[in-house]
Every structure is written in structure tokens, then in C-alpha cells.
Amino acid sequence: MATLKLPKAPSVLFFFGLAGAGKSFVGDVAARATGRFLYHADDDLTDEMKKALTEKRRFTDGMRDEYFTIIAKRISELQKTYKTLIVTQGAYKRRNRRFLSSIIEDMEMVWVDADEKLILSRLQARSGILSAESFLTLKKDFEPPFDTKKVIINNSTEKEILAQLKRYYGDS
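Residues numbered from 1 in each chain as written. Predicted model: local features only at pLDDT ≥ 70, side-chain atom pairs only at ≥ 80, totals over all residues. Heavy atoms only, no water.

Enquirer: Can you tell me about the packing of helix α3 (residues 61-81) against helix α4 (residues 94-103), naming the residues and giving the values?
Expert: The interhelical angle for the contact between α3 and α4, taken along N-to-C directions, is 25°, at an axis separation of 10 Å. Here α3 is positioned roughly parallel relative to α4, judged by the angle of their axes. As for the relative orientation of α3 and α4, their crossing is right-handed in sense. Contacts from Asp61, Arg64, Asp65, Phe68, Thr69, Ile71 and Ala72 of α3 reach α4 at Arg95, Asn96, Phe99, Leu100 and Ile103. (Axes fitted to C-alpha atoms, helices over the stretch in contact; angles between N-to-C directions. Helix = DSSP H or I, 4+ residues; strand = E, 2+ residues; numbered from the N terminus. Parallel < 35°, antiparallel > 145°, perpendicular 65-115°, else oblique. Left-handed = near helix turned anticlockwise from the far one by under 90°. Contact = heavy atoms within 4.5 Å.)

Right, here's the structure in full:
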């Protein structure tokens, strides 16, 4: 049940950041509290990207470009049905974030970050999917934003996430 209204928020909030930072968790919390439709963009990873993940290979720029075109189309489709959306996806590269921002109207990119040790423990808790070495490789691939005005620090509780959202976007 929606309990948090965000009158200053754009129609699309896009949560991005490193694996293990808690983008999906933040998205889930925000969607439950606001009643916004939630789209986890990882659901639309291409087969080529899934294969690369299985083989522990990095994504190429071409893979990312194709994928972010898919995400932009999906968000545009969803906007025809839902007034407000929450989207979660790593969006590691600035160029992909800029591309989406140029295509999707009334969207804001919000960086989800967390303490590095906490990220590592979260990733290792996922059935040991990602080693510390793999995390460092992923971290090198991530281009921190220099143009993002809002950052959600996901080190603690749902209550603190909601408080951060309220500080950024107000509550009526």
C-alpha cells in the first residue's frame, strides 16, 4: 500500500549503481511505498549479455548499446500505461545513462551506493556468485557519475531509504 508521496519527483526514477549496492532493494522499497510501477531492467538482458555473464566476460559497448535501446523502448511503452515508474539497472557507463536521459522525458537518474564491504558481503551471500576479485573487476568497469545530483546510500534500513527519498522529493 502506497504511503509515501513524492510531489517533487519526476515521473521516472531510475536507480543505478554497482552490483550489490542494492538498486533492486531500493526500487522495491520505493515502489511499495509510493505505488509506482516497478521495472527491473535486468529482466530484459539480451541473450548475448546473459551468455557473457555465464562465461564471466565483460559486456562490450555494442552489447550495451543494443540493451539500452531495448530499455528505452520498454520505458516508453510502460509510460503509456503508468503515470509514474521506478526503474532499476546497473547502467555502468555514463554514455548509456546520457542516452537514456536524452530519450526518456521527465526521468532522473539516482545513484544507489553502499559501503564497499557491505556490497561485497551482499554479493557473497548470493550463493557466492561473485568473488572479491570479480567485484573489483566490475568496479573498474563502473563509471561513477559526475552529473548525478541525487545519491541514495543503502547501508541500513528501509526507513532510511524512504527518509532519503523524502528529503530529495518531498512528501505531502
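Enquirer: Break down the packing of helix α1 (residues 23-34) against helix α7 (residues 158-169) for me, with residues and values.
Expert: The axes of two packed helices give the description: the angle between them and the distance between them. Across the interface, α1 lies against α7 with an axial gap of 10 Å and an inter-helix angle of 70°. Relative to α7, α1 is oriented roughly perpendicular. Facing Phe25, Val26, Val29, Ala30, Arg32 and Ala33 of α1, the residues of α7 in contact are Glu158, Ile161, Leu162 and Leu165. Class assignment of the residues belonging to the contact of α1 with α7 gives a composition of eight nonpolar, no polar and two charged. (Nonpolar A, V, L, I, M, F, W, Y, C, P; charged D, E, K, R; others polar.)

Enquirer: So what about unusual backbone geometry? Which residues, and what values?
Expert: Peptide bonds are, in most cases, trans, and in most cases residues other than glycine have a negative phi. Although it is not a glycine, Ala91 sits at a positive phi angle of roughly 45°. Residue placement: Ala91 occurs in the loop between β3 (85-88) and α4. For Ala91, a relative accessible area of 2% translates into the label buried. Positive phi outside glycine occurs at Asp106, with the angle close to 55°. With respect to the helices, strands and loops of the structure, Asp106 is situated in the loop between α4 and β4 (107-113). (Buried < 20%, exposed > 50% of the residue type's maximum accessible area, 1.4 Å probe, protein only.)

Enquirer: Give me the lowdown on the pattern of salt bridges, citing residues and values where you can.
Expert: Counting across every chain of the model gives 12 salt bridges. A salt bridge links Glu158 to Arg32; its shortest N-O distance comes to 3.2 Å. With Glu158 in helix α7 and Arg32 in helix α1, this residue pair connects regions lying 126 residues apart in the sequence. We classify Glu158 as partly exposed; its relative accessible area is 36%. A salt bridge links Lys93 to Asp141, with the nearest nitrogen and oxygen atoms 3.1 Å apart. With Lys93 in the loop between β3 and α4 and Asp141 in helix α6 (residues 132-141), the pair connects residues that are 48 residues apart, well separated along the chain. Just as Lys93 is buried, Asp141 falls in that class too. (Salt bridge = Lys/Arg side-chain N within 4 Å of Asp/Glu carboxyl O.)

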